[in-house]
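Fold and contact review
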Amino acid sequence: MDALEAFRRETRAWLDANCPAEMRTPVSGDDDICWGGRNFVFKSEAQKVWLARMAERGWTVPGWPKAYGGGGLSHEEVKVLKEEMRAIGARSPLESFGIWMLGPALLAFGSEEQKQEHLPRIARGEIRWCQGYSEPNAGSDLASLQTRAEDAGDHFVVTGSKIWTSYADKADMIFCLVRTDFSAPKHLGISFLLFDMTWPGVSTKPILLISGKSPFCETFFDGVKVPKANLVGTLNRGWDIAKYLLTHEREMIGGGGGGLLGGRSPGQVAAQEIGTDGEGKLADAFLRADVARAEVDALAFAATMARYKDEAASGGKGVGDRSAVLKYYGTELNKRRHELLMRTAGHEGLEWEGARSNDGERPRGWLRTKANSIEGGTSEVMLDIVAKRLLQLPNA
Amino acid sequence: MLVLNDDQVMLQDAARGFVSEKAPVAALRKIRDEKIADGFDRGLWRSMAEMGWTGVLVPEDQGGLGFGFVGAGVICEEMGRTLTASPFLSTAMMAATALSRAGSPAQKERWLPAIVAGEAVIATAVDEGRRHDPAGTAMRAERHGNGFRLSGTKAYVVDGQAADAVLVAARTAGSAGETGGFSLFLVETATRGLSAERLSTLDSRGAAELTFDGVEVTADAVVGEVDDGFPLLEIVLGAGRAGLAAELSGNAQESFDRTMAYLRERKQFGRTIGAFQALQHRAAHLFCEVEVARSAVLAALQALDADPAGASLAVSVAKSKASSVARLAAQEAVQMHGGIGMTDAIDIGLFMKRMQVASTLYGDADFHADRVARARGF
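In this text, all values refer to a predicted model and were calculated from it rather than measured experimentally. (Residues numbered from 1 in each chain as written. Chains lettered and ligands numbered in written order. Predicted model: local features only at pLDDT ≥ 70, side-chain atom pairs only at ≥ 80, totals over all residues. Heavy atoms only, no water.)

**Notes on the overall build of chain B**
Filter applied, for reference: Under the DSSP-based scheme used, a helix requires at least four consecutive residues in state H or I and a strand at least two consecutive residues in state E, with every element numbered from the N terminus. Note on definitions: a residue-residue contact is assigned when non-hydrogen atoms from the two residues lie within 4.5 Å. Surface accessibility in these figures is a Shrake-Rupley result with a 1.4 Å probe; residues are shielded only by whichever protein chains are displayed. Charge counting treats Lys and Arg as positive and Asp and Glu as negative, with His and both chain ends excluded. For this purpose, a charge sits on NZ of Lys, CZ of Arg, CG of Asp or CD of Glu.
Counting its regular elements, chain B contains 11 helices and 10 strands. Judged by the C-alpha coordinates and their principal axes, chain B covers about 80 × 50 × 40 Å. Excluding contacts between residues fewer than 6 apart, the proportion of contacts in chain B whose partners are at least 24 apart in sequence is 74%. Put simply, chain B shows about 14,400 Å² of open surface, and 49% of that area lies on carbon and sulfur atoms. Positive and negative charge centroids in chain B, built from 38 and 47 side chains respectively, lie 6 Å apart.

**Quick word on the UniProt feature "domain: Acyl-CoA dehydrogenase/oxidase N-terminal" (unreviewed entry) in chain A**
Stated formally: UniProt positions are given in the numbering used here, feature names are shortened, and annotations may be inferred rather than shown by experiment.
Under the present numbering, the feature "domain: Acyl-CoA dehydrogenase/oxidase N-terminal" (unreviewed entry) in UniProt falls on residues 49-126 of chain A. This span, residues 49-126 of chain A, is 60% helix and 0% strand, and a straight line between its end C-alpha atoms measures 14 Å.

**With respect to the pattern of salt bridges**
Here the idea is simple: oppositely charged side chains can pair when their charged atoms come close. Let me state the cut-off plainly: Basic side-chain nitrogens of Lys or Arg form a salt bridge, by our definition, when they fall within 4 Å of a carboxyl oxygen of Asp or Glu. Partly exposed residues are those whose accessible area sits between 20% and 50% of the maximum for their type, while under 20% is buried and over 50% is exposed, using a 1.4 Å probe and protein chains only.
Overall, the coordinates contain 58 salt bridges over all chains when judged by the stated rule. With a shortest N-O distance of 3.3 Å, A:Asp240 and A:Arg237 are connected by a salt bridge. The class of A:Asp240 is partly exposed, set by a relative accessible area of 30%. For A:Arg237, a relative accessible area of 40% translates into the label partly exposed. Note that B:Lys321 is salt-bridged to B:Glu289, the shortest N-O span being 2.7 Å. A residue pair is termed long-range when its members are at least 10 positions apart, and B:Lys321 in helix α9 (residues 312-337) and B:Glu289 in helix α8 (residues 277-306) qualify at 32 residues. Residue B:Lys321 is classed as buried on the basis of its relative accessible area of 3%. With a relative accessible area of 11%, B:Glu289 lands in the buried category.

**Regarding the nonpolar core**
Applied cut-off: Definition used in this section: a nonpolar core is a set of buried Ala, Val, Leu, Ile, Met, Phe, Trp, Tyr and Cys residues joined via side-chain atoms within 4.5 Å.
B:Trp53, B:Phe88, B:Leu150, B:Phe185, B:Val187 and B:Phe212 are the most contacted members of the largest nonpolar core, which totals 157 residues. No other element matches the 16 residues that helix α7 (residues 230-265) of chain B contributes to this core. In terms of nonpolar packing, the next biggest core, distinct from the first, is built from 36 residues, A:Leu51, A:Leu94, A:Leu145 and A:Tyr167 among them.

**Overview of the UniProt feature "domain: Acyl-CoA oxidase/dehydrogenase middle" (unreviewed entry) in chain B**
Under the UniProt annotation, "domain: Acyl-CoA oxidase/dehydrogenase middle" (unreviewed entry) lies at residues 130-215 of chain B. The distance separating the terminal C-alpha atoms of residues 130-215 of chain B is 23 Å; by composition the span is 0% helix and 52% strand.

**Section: the domain arrangement of chain B**
Residue and element names in this part refer to chain B. Counted only if it meets this: Throughout the structure description, domain borders are defined by an automatic or database domain assignment. Buried area counts how much accessible surface, traced with a 1.4 Å probe, disappears from two parts once they are put together, with both parts' losses summed. Identification of polar contacts relies on pairs of N or O atoms within 3.5 Å, with a donor-acceptor requirement for protein atoms, meaning one able to donate a hydrogen and the other able to accept it, and with residues adjacent in sequence counted only if both atoms are side-chain atoms. Side-chain classes are defined by residue name, with Ala, Val, Leu, Ile, Met, Phe, Trp, Tyr, Cys and Pro counting as nonpolar, Asp, Glu, Lys and Arg as charged, and the others, Gly among them, as polar.
Entries for chain B in the domain assignment read domain 1 (6-120), domain 2 (124-225) and domain 3 (230-376). Taken together, the contacts link 19 residues of domain 1 with 31 residues of domain 3. Together, Phe69, Arg81 and Met94 form the three largest contributors to the area buried by domain 1 at its contact with domain 3, with a combined 29%. Where domain 1 packs against domain 3, one counts five salt bridges. Between arginine 81 and aspartate 257 there is a salt bridge, with its nearest N and O atoms 3.3 Å apart. Summed over the shared surface of domain 1 and domain 3, the result is 10 residue pairs in polar contact (both at pLDDT 80 or more). Those elements that place two or more of their residues in the side of domain 1 that touches domain 3 are α2 (25-33), α4 (68-82) and α5 (88-102). Here the residues of the side of domain 1 that touches domain 3 are counted per class, giving 10 nonpolar, four polar and five charged.

**Remarks on the pairing of strand β4 (residues 165-171) of chain B**
Two faces make up the sheet, and in a regular strand the side chains alternate between them. All names here are of chain B. Heads up, the condition is: Any two strands with at least two DSSP bridges between them are considered paired.
The buried count for β4 comes to seven of seven residues, which makes it a mostly enclosed element. What you see with β4 is no split at all: Ala165, Leu167, Ala169 and Arg171 on one side and Val166, Val168 and Ala170 on the other are buried throughout. Note that β4 and strand β5 (residues 182-188) share seven bridges and pair antiparallel. When the bridges of β5 are listed, valine 166 appears paired with valine 187.

**Structural notes on the interface of chain A and chain B**
Opposite the 47 residues of chain A that make contact, chain B presents 40 residues. Both faces combined, the contact of chain A with chain B buries some 3,500 Å², and carbon together with sulfur accounts for 64% of it. Along the contact surface separating chain A from chain B lie seven salt bridges. Across the salt bridge formed by B:Asp366 and A:Arg293, the nearest N and O atoms sit 3.3 Å from each other. The element best represented in the side of chain A that touches chain B is helix α8 (residues 285-315) of chain A, accounting for 18 residues.

**A word on the domain arrangement of chain A**
Size of an interface: often given as the accessible area lost when the parts come together. Residue and element names in this part refer to chain A. Per the domain assignment, the segments making up chain A are domain 1 (3-95), domain 2 (129-236) and domain 3 (256-390). Centre-to-centre separation of domain 1 and domain 2, based on C-alpha positions: 31 Å. Buried surface at the junction of domain 1 and domain 2, summed over both partners, amounts to about 390 Å²; 34% is from carbon and sulfur atoms. Among the residues of domain 1 in contact with domain 2, Asp30, Trp35 and Arg38 are the three that bury the most area, contributing 82% of the side total. Close ionic contact of aspartate 196 with arginine 38 constitutes a salt bridge, the shortest N to O distance being 2.8 Å. The interface formed by domain 1 and domain 2 holds two residue pairs in polar contact (both at pLDDT 80 or more) in total.

**Quick notes on the side chain of A:Ser323**
Residue and element names in this part refer to chain A. Summarising the element assignment, serine 323 is placed in helix α9 (residues 323-345). For serine 323, a relative accessible area of 2% puts it in the buried group. Leaving out residues up to four positions away in the same chain, serine 323 has contacts with Thr247, Arg250 and Glu251.

**Observations regarding α4(B)**
Rule in force here: For a helix, the expected span equals 1.5 Å multiplied by the residue count minus one.
Here α4(B) is 15 residues long and its end C-alpha atoms lie 22 Å apart, about the 21 Å a rise of 1.5 Å per residue gives. Most of α4(B) is tucked away: 15 of the 15 residues are buried.

**What about the packing of aromatic side chains?**
The geometry of two aromatic rings is summed up by the distance between their centres and the angle between their planes. This is how it is decided: Ring pairs shown here join Phe, Tyr and Trp side chains whose ring centres sit within 6.5 Å, with only the six-membered ring taken for Trp; geometry is labelled stacked below 30 degrees between planes, edge-to-face above 60, and tilted in between. Only when the NZ atom of a Lys or the CZ atom of an Arg is both within 6 Å of the ring centre and within 35 degrees of the ring normal do we say a charge sits over the ring.
Under the definition given, this model contains 18 aromatic pairs over all chains. With a centroid separation of 5.0 Å and an interplanar angle of 65°, the aromatic rings of B:Phe18 and B:Trp53 are classed as edge-to-face. Taken together, the residues B:Phe18 in helix α1 (residues 6-22) and B:Trp53 in the loop between α3 (42-51) and α4 connect sequence positions 35 residues apart. The pair formed by B:Phe18 and B:Trp53 is uniform in burial state, with each residue classed as buried. Taken together through their ring pairs, the aromatic side chains of A:Trp35, A:Phe97, A:Trp100 and A:Tyr167 make up a single cluster. The lysine or arginine in question, A:Arg148, covers the ring of A:Phe182, its NZ or CZ lying 4.3 Å from the ring centre.

Below, the structure written as structure tokens:
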């Protein structure tokens, strides 16, 4: 405990000396986030400095081994670092699919060469990755994917298309599920490939969503040549990696639902925007009852995420299939949170363009959350996973 | 770390073994069917004392185990699974908290060893109306000579029908609605002017309405500060709320587990009903809710151990969430059991009845959601 307390003091002092003041203000939108990558344009010098200082310490990926650009911190130390960052309002220095998804997959399944090549570049924010999973005819039924990788001696030739590829138009590289055996059962003919988005045959097309934004793309592969060294894990066993990553993704998406770790809760927003009575209670009694219940659920859910992580850390195992609990509950909570924010906004939530509403930030955010219970596995798929794997209920 | 430590896991195993052997649901049926007036089995309570449970919140230097709130909650959760009737909440949690924190040396000497030995039952009397409202206390304690004279009625006093003494909240100043002017008194139930009307209750455990008709006590009966007893009362209620939340979590888990067993065994339309997706999704949703309630309960118990005076937000989150989840679990259990779920022959209805009592006591889901909202600034 003393060592952890010493680490806390040291961390606090370092953060205080090294986190620029501009990086201690709340993130106001997507373009405040540092995504890294070859083409990333830093929004400010402070953002650039903050990334460089944190990366130098390995603290963009504090739990990864030092040998691959990480901080080599224990689970408890990572928690302390996050607590201390939260305490001063420090922004995350770097967000990326490389950190959330590919890194953990490579640590678990990658060859030593692959780890050496890719992990440090993810940690330093040099390469931005995207994820090629869903296809037009393989959504909830992901394992039926049809993008093919033909064996051509020392390389594969990849042909097909992906959909809902987040930020494919901004990414440098893709980690991609492809079919390498069409005669095997659907889960046993899939492989996991890495390749560059600038290679010949790769093209992308953004998809306009109901929120008016285009974070997702369609991605097309027309005879893309991928060296065999870029195969991760065993040929035809890519589904094992995919499942492992889906677990990570579900934990991550579910984590957005607490809604209390970052900004204010809907009840707090409502108190400020609608006002309170003489006792300090939100003036709208109907709304107050609903935001109060949402607050209870959000706090209880935050405790659940913490408990699962602590259990995983102390048991030496991952969260596993319980990630479906986090994904289902967290995304449903997040949708509810945005419904409450829209109720709070009233007429002020109806403007789509204009400075008054920061171009309809609230309704666009509300609409965006409707995808939360679809992306990364629908709520219904999550409930199936809970019923079948955690509760062991019989098959139909 | 939001996990049980090794000692707490051992306590949980021991508690689970003890209640399943000594206090299964059948023991509650016996109390109900034989109309046992105490609402619990005194022999069982003495066995719990031998296990050390009665001293779980009594510090070691005062003869207890000093296991803390997480330990106490673990026991409550297991008792919730078998609907164990006992004065654990009133005596080993609430009274032990009050006396070990704020009792005078004489009060500690008189009562703590008796609590630890399983020889004394002490109830806590706060509410006066149909709703939990500690600040709304109107009962007066007028100064009288060197002591006080208590007059008023206390509604639904848990274990009041069997108690040797009662910790009672009364006004030595101020008026209903204010949190100032509270004093807590420890009054032996045999004191002249104090009468108990036993209530036969939904959960078969009984309770009492206590009437104080000019009950005279000396100044030695005061627990804690005169006129400034509300903070202590909040800590005592916090212990009760967290204990009930833990019990409700156990109640919900058991209802859920029994329902899952039924879904795997019952056949209709030529299939096991657990294979129907309509039921699978309801079961899965309920599982998620039960998991979330469990986390909130553990967070509250740990917060109480860290700082009992600063734990009220975490405790209210837990009591609110556990109350509503146990309600959902009870409703789903009856519905998924179908007709048999409505019969007294199986235990599901007993879990629903105790859920109703435990979720109402010391603040229901709405009461605690309101507290959470206040604490969070709205």
